[in-house]
Amino acid sequence: MKIAVVGTGYVGLVSGACFAEMGVEVYCVDVDEHKIKQLQQGILPIYEEGLQEMVDQNAAAGRLHFTTSLADCMDQVEIVFIAVGTPSQADGSADLSAVEQVARIFGQHLQHYTLLVTKSTVPVGTAHRLEKIVRQELEQRGQAIEFDVASNPEFLKEGSAKKDFMTPDRVIIGVASDRARRMMSLLYRPFLLNNYRVIFMDVLSAEMTKYASNAMLATRISFMNEIATLCELTGADVRMVRQGMATDQRIGSKFLYPGCGYGGSCFPKDVNALVRTAAEHGYQMQIVQAVERVNQEQKKILYKKLHSAFDGQLAGKRIALWGLSFKPGTDDLREAPSLVTIDLLLQAGVQVIAVDPIAISAAQALYGDRIQYTTDVYRSAMGADAIVLATEWKQFRLPDWKRIRQLMNVPLVVDGRNIYDREELAKEGFLYYAIG
Ligand SMILES: NC(=O)c1ccc[n+]([C@@H]2O[C@H](COP(=O)([O-])OP(=O)(O)OC[C@H]3O[C@@H](n4cnc5c(N)ncnc54)[C@H](O)[C@@H]3O)[C@@H](O)[C@H]2O)c1
């Protein structure tokens, strides 16, 4: 089978490489000429564990091609996946301009029955919109070529994207025809050997499933952050409360960790887009709106804790910020809590030294020399008035606290992910603040 995947970001590149790994011939398409040139030379635009090897091997085997022209591969492929970005607009709704642009090119160059599949996260109703766009293009060409539009929302997580794609919990596919269903079944069959589930449904429900899932996960995080705040106010320990809750099988343990807020390219954007879709249908989603409000506030928590630790006297302090990416395993900084913390610290006249194993160059593009950077936690601790942990990279989990204590000016640790042991740090002479 030959397919095209349009958009070579986190989702498109990982999907393309994983399909190629299963023997499919894949054309990865992107409008970004620089990105495509780099990819043709084996240089990846993103970091994901195991992705480089998979791209190298499949490109060498002739199963993975990189191009800027969808038009050029339309005569070859049976399925075109849309994996372009759908960023938030000012009003919170998803910007569908890139998705629609792909549908237009698809319609302009359709030559035989081809299945158009949205893998990007798109609001409920988008597939119908794309179908209209393709029909309009075909009418203009005076052609009546058959096509279908299906929805196959992606659930991979940055940081474990390859593994998630190769062995997902389930695959959601929304189709409107038997032909589309058969093609998607065939494409995903190699993954089925590992015995996971493909759930077929109608297109609208598939589109909604993605938003409902992300909103639910975001809700769990904001809910736990509110519980953590109440624990602080009442003297309860949120770590114990979390354990107590998580052992209830009806609740489970996932996404129940309080912290300094969720970030990334998906949760904030998708939560806002869901609220917006509801508003367009005359409905106000009160829980989902509150989820995002709580998160906005939570992202300021590291700053607030520092502010109170220093009685508001932050100007001139030197703060080591551990972790820039929105979560471990990725260089993605989009909506990362670290950015809110850095902005607030810079406004307060603080000198920030940021530590991250992967995301430094992405942060340099945003902050230039307004902050300092290092990959070495010990270097960051030299003369520091506090260490603030924003991302729980494995490298940060077991530092030599004795050594760090000697390097620091003030032995203060603010743990935004609750990964350290309060007693252990107290024993080493640290003042320790966590979440909840
Ligand atoms: N990143 C994730 O973890 C994740 C997970 C699940 C779903 N999603 C969804 O998948 C979609 C893509 O997300 P991403 O993180 O991969 O985005 P990304 O920003 O990393 O990549 C998007 C790519 O699309 C390209 N592009 C933009 N317009 C184009 C066009 N008209 N034609 C061809 N290429 C174009 C860009 O150059 C870029 O390379 C979004 O809708 C997102 O919500 C993302």
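This structure is a prediction, so every number in the text was calculated from the model and none was measured.

In this section: the packing of helix 9 (residues 203-234) against helix 11 (residues 267-280). Viewed as axis vectors pointing N to C, helix 9 and helix 11 meet at an angle of 115°, and their least axial separation amounts to 9 Å. As for how helix 9 packs across helix 11, the hand of that crossing is left-handed. Across the interface between the two elements, Tyr211, Asn214, Ala215, Leu217 and Ala218 of helix 9 pack against Phe267, Asp270, Val271, Ala273 and Leu274 of helix 11. When the residues that make up the contact of helix 9 with helix 11 are grouped by side-chain class, the tally is eight nonpolar, one polar and one charged.

Within the structure, the ligand sits among 26 residues, and Gly7, Gly9, Val11, Ala98 and Ser120 are positioned closest to it. Put simply, the parts of the chain that give the shell around the ligand at least two residues each are helix 1 (10-21) and helix 5 (97-109). Residues belonging to the shell around the ligand are distributed by class as follows: eleven nonpolar, ten polar and five charged.

Moving on, we come to the domain arrangement of the chain. Split into domains, the chain comes out as domain 1 (2-204), domain 2 (211-298) and domain 3 (301-433). Listed per partner, the contact involves six residues of domain 1 and seven residues of domain 3. When grouped by side-chain class, the residues that make up the side of domain 1 that touches domain 3 number two nonpolar, two polar and two charged.

Along the chain, Phe255 turns up in the loop between helix 10 (238-246) and helix 11. Taking the C-alpha atoms as reference points, Phe255 and Leu51, separated by 204 residues in sequence, lie 25 Å from one another. Once residues lying within four places of it in the same chain are set aside, the contact partners of Phe255 are Leu217, Arg220 and Ile221.

So, how was this worked out
- Position numbers for residues start from 1 in each chain and track the written sequence from start to end.
- Thresholds applied to this predicted model are a pLDDT of at least 70 for local features of residues and 80 or more for the giving and counting of side-chain atom pairs; totals over whole chains, interfaces and linings are not thresholded and use all residues.
- Each axis is a line fitted through C-alpha atoms, taken for helices only over the stretch in contact, and angles between the N-to-C directions span 0 to 180 degrees.
- Strands here mean DSSP runs of E at least two residues long; helices mean DSSP runs of H or I at least four residues long; both are numbered from the N terminus.
- By the definition used in this description, the sense in which the near helix is turned from the far one sets the handedness, with an anticlockwise turn below a right angle giving left-handed and a clockwise turn giving right-handed.
- Note that contacts rest on C-beta atoms placed from the backbone: two residues are in contact if these are within 7 Å.
- Polar here means any residue outside two lists: the nonpolar Ala, Val, Leu, Ile, Met, Phe, Trp, Tyr, Cys and Pro, and the charged Asp, Glu, Lys and Arg; Gly therefore counts as polar.
- Using a C-beta atom placed from the backbone, a residue is described as near a molecule or strand when that atom lies within 6 Å of it.
- Start and end positions for the domains come from either an automated domain assignment or a database one.

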